[in-house]
Amino acid sequence: MIDIIRNIFSDSTNETTKVEEDNADENLNRKKVTFFNSFKDSILFIDSNIFMDKRFGILFEFLEDIDINIIVLKEQYQELYNIKKNTTYRNSKKGKSVRNAFRIIDHFQEMNKLTIKGLDIESDLSIHVNPVLIKEIINLVTESKKVIFFTEDFDLKIRLREQLNQKNINKNLLIVYSYKDIEFLHQIKGEIQCPNCKQYMVPYIEVEEYPKEEEPILSYDFSDDYGAHIIKVTIQLCSKCHHEISRSSTSYYDPDYYRHQEY
Ligand SMILES: [Zn+2]
């Protein structure tokens, strides 16, 4: 027990940790500002898969709060529609993902932040999304429009970059983001990455309380003999794998401590 207490106190008096934390906050802030500014006057394209990817929920939360113009091509919409149509089980992983995509599109369309380009009232079952998407994006940047594209598809990225090179277009007009570029949004939201399982989550807190035994109990100016000097240890645990993320402690005097305990 004394060892535990000693470790707790040596952790809480570590000065360099504080400086490192301040620097990390500053970096995070800079990253946020750069990311935020990149959306100014840009037209936004989002790969269909991203609408279906649960990890990007944090991105859509972010986009809700800023002024944006998302374009969904009718071919992309059709692609999602086809997935939905061909998914037999509504509650399968795929079924849920594709319903989530429609929920997001509906939500952003309702907020006037999303347009589906050229969507007919009837559906077309034979489509090739990527060539149309590349053409649309290249046309816009050729007209000197700023475009942001979210994708996890390397093939798409490579083809886009190749088109920019071939057509000698200013590369700064197109920003391609993937999950690694938005991961930091979790930190802004207060979610942290577990060093063990690498998941982003809100940790849960466990509190332990016990008397600080090495202090003589009655050296305090309290009339109540039942009291004790108490250490309260707060432990943050990963909500997914229960890995211990942090530990901090406070101490105080509880005049009724032994009255509540079975000693
Ligand atoms: Zn974990």
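Quick caveat, the model's predicted, so the values are computed rather than measured.

Draft legend 1. Here's a closer look at unusual backbone geometry. The phi dihedral of S144 is positive, around 65 degrees, even though this residue is not glycine. Within the secondary structure layout, S144 lies in the loop between helix 7 (129-142) and strand 4 (146-150). Phi is positive for K198, which is not a glycine, with a value near 65 degrees. Within the secondary structure, K198 is located in the loop between strand 6 (192-193) and strand 7 (200-201).

Draft legend 2. Layout of the nonpolar core. In terms of nonpolar packing, the biggest core is built from 28 residues, with F45, I46, F51, A101, I105 and I137 touching the most fellow members. Among the secondary structure elements, those contributing two or more residues to this core are strand 1 (42-46), helix 3 (48-52), helix 4 (57-64), strand 2 (70-73), helix 5 (74-86), helix 6 (93-110), helix 7 and strand 4. If one sorts the elements of this core by residue count, helix 6 sits on top with five residues. With residues near it in sequence (within four places) discarded, I105 still touches F51, V72 and L114.

Draft legend 3. Structural context of the sheet that holds strand 8 (residues 204-211). As summarised here, the arrangement of the three strands in space is 8-9-10, forming an open sheet in which the pairing is antiparallel. The two strands at the open ends of the sheet, each matched to only one other strand, are strand 8 and strand 10 (244-254). In this sheet, adjacent strand axes meet at a mean angle of 20 degrees when their direction is disregarded. Taken together, the eight bridges between strand 8 and strand 9 (residues 228-237) define a ladder with antiparallel strand orientation. Bridge pairing links E208 to V233 in strand 9.

Draft legend 4. Highlighting the sheet that holds strand 2. Read from one edge of the open sheet, five strands run 3-2-1-4-5, paired in parallel fashion. Edge positions in the sheet fall to strand 3 (114-117) and strand 5 (174-177), since each has one partner strand and no second. This sheet shows a mean twist of 25 degrees between the axes of neighbouring strands, independent of strand direction. As judged from the four bridges shared by strand 4 and strand 5, these two strands associate in the parallel manner. Directly across from I148, in strand 5, lies its bridge partner I175.

Draft legend 5. Local environment of the pairing of strand 1. The pairing of strand 1 with strand 4 spans five bridges and is classified as parallel. In the strand pairing of strand 4, F45 is matched with F149. Here strand 1 runs beside strand 2; their pairing, made up of two bridges, is parallel. If you follow L44 over to strand 2, its bridge partner there is I70.

Cut-offs and rules
Residues numbered from 1 in each chain as written. Predicted model: local features only at pLDDT ≥ 70, side-chain atom pairs only at ≥ 80, totals over all residues. Helix = DSSP H or I, 4+ residues; strand = E, 2+ residues; numbered from the N terminus. Core = buried A, V, L, I, M, F, W, Y, C linked by C-beta atoms within 7 Å. Buried ≥ 20, exposed ≤ 12 C-beta atoms within 10 Å, placed from the backbone. Contact = placed C-beta atoms within 7 Å. Pairing = 2+ DSSP bridges. Axes fitted to C-alpha atoms, helices over the stretch in contact; angles between N-to-C directions.

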